[in-house]
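Survey of secondary and tertiary structure
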Number of protein chains: 2
Amino acid sequence: MSWVEKFPGLSRLDPDLRRRLDRDGKVLKVPEGKVIFGPGSTADNLLLLISGTVRVQHLSDSGRQIVLYRINAGESCVMTTACLMAHDAYSAEGITESEIEAVAIPRATFDDLVARSPDFRSFVFEAYSRRIADLFLVIEEVAFQRIDIRLAQKLLDLAGQGDLVRATHQQLAGELGTAREVVSRQLQEFRRRDWITLSRGEIALSNVAAIRALAEA
Amino acid sequence: MSWVEKFPGLSRLDPDLRRRLDRDGKVLKVPEGKVIFGPGSTADNLLLLISGTVRVQHLSDSGRQIVLYRINAGESCVMTTACLMAHDAYSAEGITESEIEAVAIPRATFDDLVARSPDFRSFVFEAYSRRIADLFLVIEEVAFQRIDIRLAQKLLDLAGQGDLVRATHQQLAGELGTAREVVSRQLQEFRRRDWITLSRGEIALSNVAAIRALAEA
DNA sequence: CGCGGTCTGTGACCTTGTCACCAAAGTCTG
DNA sequence: CAGACTTTGGTGACAAGGTCACAGACCGCG
């Protein structure tokens, strides 16, 4: 089975074009914790993520950090391609959060497919619009949302189905674009209310309902 | 002379395609202060701005506001097209800051040109990348930059070549995504240092060098 | 002129970010 | 295992920024 099947947006492509993708795309594996693009590295390929996740974040001069969005399996990395194309001072970087499998599509193939396939065009433009919506959300949150609410949302997000979050306070601060001390203090406050229990490197959610109520306030 | 000449990115298009643009694109004028797209209005055309500027901003539930970017003459409005395509909860709006002249390109024509012209593709993707870079910048500023520095930058920006800014404190707050009181207080501080003089609805910059020094700190 | 709306100034208070420093928990090494 | 070092977390003091409440200044208009 070809990797093309893994991408819902590509499944309706013409068989001809799917073979083209299959032929020109190079599958590669990257271990966890690698910077796959960032300032200085000109991305010449479109990356499609088969498995794993990539965290896209921004580092400020002052050493603070904020997570902009994540690329999940089945998604693509269009932003970086386009962004590096025209603009130099682009200081976001993508880091693998687990081992990933990805396909690199050469620029020429990408361009050709955009020209020939309406479905591929939809795929690309939808990928863009999702990312842009993510960025709008980040702006809204950073500019207008209280930090306790954002932290509650992030804890629920990172806990997923379970009720355990494996992350240091520093990492949570990086997710939210704030300082470590702020996260520590908010977590203390949550603990004081018996919503969570804290231990080194992990946070157990003991009252998910209360956390959710705050997150949705 | 056709409006197509006004767009540097389109000037190298094949004569055939330029005629196509000329024929299908509808030129329209919109007066100042109109909402040309926003929540609820599905943009079915690609807008190209011949003259004037459009301010794209985001309104929060709490009534605060932030300016995301501006569309200037010769630029296009790709983001909104793509964004509305896939995502509903998109709460940015575009407002004309002066009377504008624009060309509306129907979706079908847009799609066809993307398919047929590499130059048009570059035009579109470059427009995207510029906007995305703008959004990255906004995030960086909102998350990590001090408000006095951002205000200094904005004053210089709005003053242009001259040394007079026509804007209320409320409008400046909207530009920066902060509260009116914060702007008022910072302006008082600038005045105390004899960098500016204040009067109702306008700010005269009397020490541009000092303001620039702060802006570049 | 008086009146209502808009714009600006300001104090009090709360939240968030910064700085400094310490303590506890892990890790490494001899 | 002891001791040194690193990472993580806790906390107080203070600065910066956001919220609330309210007052006074300015503007256009009848």
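Let me sum up the structure you'll find in this document. Computed from a prediction, not measured in an experiment: that's the story for all the values here. (Residues numbered from 1 in each chain as written. Chains lettered and ligands numbered in written order. Predicted model: local features only at pLDDT ≥ 70, side-chain atom pairs only at ≥ 80, totals over all residues. Heavy atoms only, no water.)

**Things to note about the protein's contact with DNA strand C**
Not every one of the 18 residues close to DNA strand C is listed here, only the nearest: A:Arg64, A:Ile147, A:Thr178, B:Gln188 and B:Arg200. A breakdown of the atoms of DNA strand C within 4 Å of the protein gives sugar and phosphate a share of 53%. Within the side chain of A:Arg64, one N or O atom sits 2.8 Å away from a phosphate oxygen of DNA strand C. Residue A:Thr178 places a side-chain N or O atom 2.4 Å away from a phosphate oxygen belonging to DNA strand C. Each residue belonging to the surface near DNA strand C can be placed in one class, and the counts come to 3 nonpolar, 6 polar and 9 charged. (Near = heavy atom within 4 Å. Polar contact = N/O pair within 3.5 Å; in protein donor to acceptor, adjacent residues only side chain to side chain. Nonpolar A, V, L, I, M, F, W, Y, C, P; charged D, E, K, R; others polar.)

**Concerning the side chain of B:Gln57**
Residues and elements named next belong to chain B. For glutamine 57, the position within the fold is in strand β4 (residues 54-59). A residue is classified by how much of its surface remains accessible, and glutamine 57, at 3% relative accessible area, is buried. In this structure the side chain of glutamine 57 is engaged in a polar contact, spanning 2.8 Å, whose partner is the side chain of glutamine 65. Each residue touching glutamine 57, except ones within four places of it in the same chain, is listed here: Gln65, Ile66, Val67, Leu68, Ser91, Ala92, Glu93 and Ile95. (Helix = DSSP H or I, 4+ residues; strand = E, 2+ residues; numbered from the N terminus. Buried < 20%, exposed > 50% of the residue type's maximum accessible area, 1.4 Å probe, protein only. Contact = heavy atoms within 4.5 Å.)

**Describing the protein's contact with DNA strand D**
Inspection of the region around DNA strand D gives 18 residues, with A:His169, A:Gln188, A:Arg200, B:Ile147 and B:Thr178 positioned closest. Measuring from a base oxygen of DNA strand D, one finds a side-chain N or O atom of A:Arg180 at 2.9 Å. A distance of 3.1 Å separates a base nitrogen of DNA strand D from a polar atom in the side chain of B:Glu181. Of all the secondary-structure elements, those providing two or more residues to the surface near DNA strand D are α7 (180-192) of chain A together with α7 (180-192) of chain B. Residue composition of the surface near DNA strand D, by class: 3 nonpolar, 6 polar and 9 charged.

**Quick look at the sheet that holds strand β8 (residues 164-166) of chain B**
All names here are of chain B. Taken together, 3 strands build an open sheet; the order of strands is β8-β10-β9 and the sheet is antiparallel. Strands at the two margins of the open sheet, each flanked by one partner only, are β8 and β9 (196-199). Between one strand axis and the next, the sheet turns by 15° as a mean value, whatever way the strands run. Both β9 and strand β10 (residues 202-205) contribute to a ladder of 4 bridges, which runs antiparallel. Looking at β10, one finds that leucine 198 is bridged to isoleucine 203. (Pairing = 2+ DSSP bridges. Axes fitted to C-alpha atoms, helices over the stretch in contact; angles between N-to-C directions.)

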